[in-house]
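Here's the letter readout for the chains.
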Number of protein chains: 2
Amino acid sequence: MLTKQELEEFWAEAGKIYLNHISIDCVVFGFHEGQMKVLMLKSNNEEAWYLPGGFVLKQEPIENAADRILKERTGIDEIFLQQFYVFGDPDRSKIHNEMYKDMLPEDQNFFAKRFISIGYYALVDFFNVTPTPDNFSEICTWRDLNDLPRFQLDHELIFKTALDTLRLQLNYQPIGYNLMPKEFTMPELQKLYETILDKKLDRRNFQRRMLGFGILNKLETTRKGGAHKAPYLYSFDLENYQAALKEGLKSGW
Amino acid sequence: MLTKQELEEFWAEAGKIYLNHISIDCVVFGFHEGQMKVLMLKSNNEEAWYLPGGFVLKQEPIENAADRILKERTGIDEIFLQQFYVFGDPDRSKIHNEMYKDMLPEDQNFFAKRFISIGYYALVDFFNVTPTPDNFSEICTWRDLNDLPRFQLDHELIFKTALDTLRLQLNYQPIGYNLMPKEFTMPELQKLYETILDKKLDRRNFQRRMLGFGILNKLETTRKGGAHKAPYLYSFDLENYQAALKEGLKSGW
DNA sequence: TTACAATTGTGTACCAATTACACCATGCAT
DNA sequence: ATGCATGGTGTAATTGGTACACAATTGTAA
């Protein structure tokens, strides 16, 4: 976290390098071995937690901004990232606006302004991530979905909207490529889906459906060493997976 | 359309009353008796057409901004309006930025800046609409989807994204309340769906499915006067319709 | 007045997808 | 060898979607 003086400098400079009024908030869902967490940050000075976010450089595509922010907070890039909603209520950042409003004269005061925030959600394997605090926080860590803290501003709404969207999109979009090891078993993949949906699924039906999508390769080998019958290994068929990302998995009308 | 001087004044003032860098573009789909059109504008000075759009007042919720813009262009409000995507490429408004860049000094020049545009789509009955040009156009009119003009900037992408989204959402969201008369026949409603999807649907299956949603009331009366068998009239069951808007029409997993 | 054309109302058989459910195989623990 | 937990696979029942046919109504043309 920046010192008070550094912060003031940052805010004074921010208006020159970032687009005013526009922020990006990311809901980073982290998975590993049946667990599902969300990446959150906190300052020692405050009680409530917030989602990783940031601003858009003057000449930067918004998609890149989201990528950059996530790279800074997680250390990884090329992750599954999806724009899902824009939060544009004028009062959504009121509390922060008030907090910072006396820090600098209004015209130089980047953060005393209203922000419209573009929401992205991302899916990562939290084993690969090094959570890194930003300029306004000392703590950046994974929070379990069953043990969520109090959220700052409208970040609870952003989080919930992201989760709803993710669960909905599970029906149309393939997921898992970034979340599973290169080779994995069907029960492991099922566990991922169950974790996201917070719901038990039928083994046999899950397998049939997954295989029906045509995005998996069944490997010859099995995973030995477990305490029970050795399950077959699968890998993603990258070509079909990419195609399914574009085309979607199902149809309507 | 404003005169050149009025335009300069407008741009000089715009930065004071609107949020910088943020615009709203609306894809207004107009329906009437089996036709589907999209509302577009054009200046006499330019060849290409553009979508109704505008800016967000400093203290205005973005949803309200979209409503306000549509009210100005169409004369109606309380219409079906749906945020669908954000277009944030830094070059998307390049051509306009260049055009206006010498008009005023850069810091006062609202329109020489990059714009991130929030896309909304709306569904209206074009019979109820009075198309009204904005400050930058002389022409505001309905264009048939089969006879689209050349688009300005990235407005063709915005239009196509909206159409794809609409067609997709037809599977989950009830539509028609703003588009049909109070009482309507099943074939009329079917025509609306066929128009949007650009696809023939089966009469019997359409009827069964629609009734299955439980958002229609079958009335006792029939529509006399047609040249053929008198069809039954239906009206929307507002309560169930609103519920379906929130809940969606189908489930997944 | 009658026959016809166009349109609406309705039911049913078929196919595909989803759900529910049961049995056998494997491999470690004892 | 036996038990137990887990994985692999098949099948019947249900649901949802698609395809399709026939009877009824209404205006128009003969």
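In short, a report on the structure. (Residues numbered from 1 in each chain as written. Chains lettered and ligands numbered in written order. Predicted model: local features only at pLDDT ≥ 70, side-chain atom pairs only at ≥ 80, totals over all residues. Heavy atoms only, no water.)

**With respect to helix α1 (residues 4–17) of chain A**
Residue and element names in this part refer to chain A. For α1, spanning 14 residues, the distance from its first C-alpha to its last is 20 Å, which sits close to the expected 20 Å at 1.5 Å a residue. The complete set of buried residues in α1 reads Leu7, Phe10, Trp11 and Ala14. Looking at the buried side of α1, the elements it contacts are β1 (18–32), β3 (53–57) and α3 (94–100). (Helix = DSSP H or I, 4+ residues; strand = E, 2+ residues; numbered from the N terminus. Expected span 1.5 Å × (residues − 1). Buried < 20%, exposed > 50% of the residue type's maximum accessible area, 1.4 Å probe, protein only. Contact = heavy atoms within 4.5 Å.)

**Quick word on the sheet that holds strand β7 (residues 184–185) of chain B**
Residues and elements named next belong to chain B. The 3 strands lie next to each other as β7-β9-β8, forming an open sheet whose pairing is antiparallel. This sheet does not close on itself; its edge strands, each paired only once, are β7 and β8 (216–222). In this structure, β7 lies alongside strand β9 (residues 232–236), joined through 2 bridges in antiparallel fashion. Among the inter-strand pairings, Phe184 is bridged to a residue of β9, identified as Tyr234. (Pairing = 2+ DSSP bridges.)

**Quick word on the interface of chain A and chain B**
Counting from both sides, the interface comprises 30 residues of chain A and, opposite them, 30 residues of chain B. When the two sides are added together, the surface that chain A and chain B hide from each other amounts to roughly 2700 Å², 63% of it contributed by carbon and sulfur. Counting across the interface, chain A meets chain B through 0 salt bridges. At the boundary of chain A with chain B, the tally comes to 11 residue pairs in polar contact (both at pLDDT 80 or more). The set of elements that each furnish at least two residues to the side of chain A that touches chain B consists of β1, β3, β4 (80–87), β5 (116–125), α5 (186–197) and α6 (203–213) of chain A. The element that contributes the greatest number of residues to the side of chain A that touches chain B is β1(A), accounting for 4 residues. (Buried area = accessible area lost by both parts, 1.4 Å probe. Salt bridge = Lys/Arg side-chain N within 4 Å of Asp/Glu carboxyl O. Polar contact = N/O pair within 3.5 Å; in protein donor to acceptor, adjacent residues only side chain to side chain.)

**Remarks on the sheet that holds strand β9 (residues 232–236) of chain A**
Residues and elements named next belong to chain A. A sheet is described by the order of its strands in space; here 3 strands give the open sequence β7-β9-β8, paired in antiparallel fashion. Each edge of the open sheet is held by one strand with a lone partner, namely β7 (184–185) and β8 (216–222). Two elements, β8 and β9, share 4 bridges in a ladder whose sense is antiparallel. Note on β9: the bridge partner recorded for Thr222 is Tyr232.

**A short note on the protein's contact with DNA strand C**
In the region of DNA strand C, 22 residues are neighbours, and A:Arg204, B:Arg203, B:Arg204, B:His228 and B:Tyr232 sit closest. In DNA strand C, the atoms that sit within 4 Å of the protein are 47% sugar and phosphate, with bases accounting for the remainder. Within the side chain of A:Arg204, a nitrogen or oxygen atom sits 2.5 Å from a base nitrogen of DNA strand C. A distance of 3.1 Å is found between a base nitrogen of DNA strand C and a side-chain nitrogen or oxygen belonging to A:Asn205. Taken together, the elements giving at least two residues each to the surface near DNA strand C come down to α6 of chain A together with α6 (203–213) of chain B. For the surface near DNA strand C, the per-class residue count stands at 5 nonpolar, 5 polar and 12 charged. (Near = heavy atom within 4 Å. Nonpolar A, V, L, I, M, F, W, Y, C, P; charged D, E, K, R; others polar.)

**Quick notes on the relation of the copies chain A and chain B**
The transformation that overlays chain A on chain B combines an axial shift of 0.0 Å with a rotation of 179°, and the residual RMSD is 0.1 Å. In the structure described here, the two chain copies are related by an operation that fits a two-fold rotation axis. Interface residue correspondence from chain A to chain B reaches 100%, placing this contact among same-surface, isologous pairings. (Least-squares fit on C-alpha atoms with pLDDT ≥ 70 in both.)

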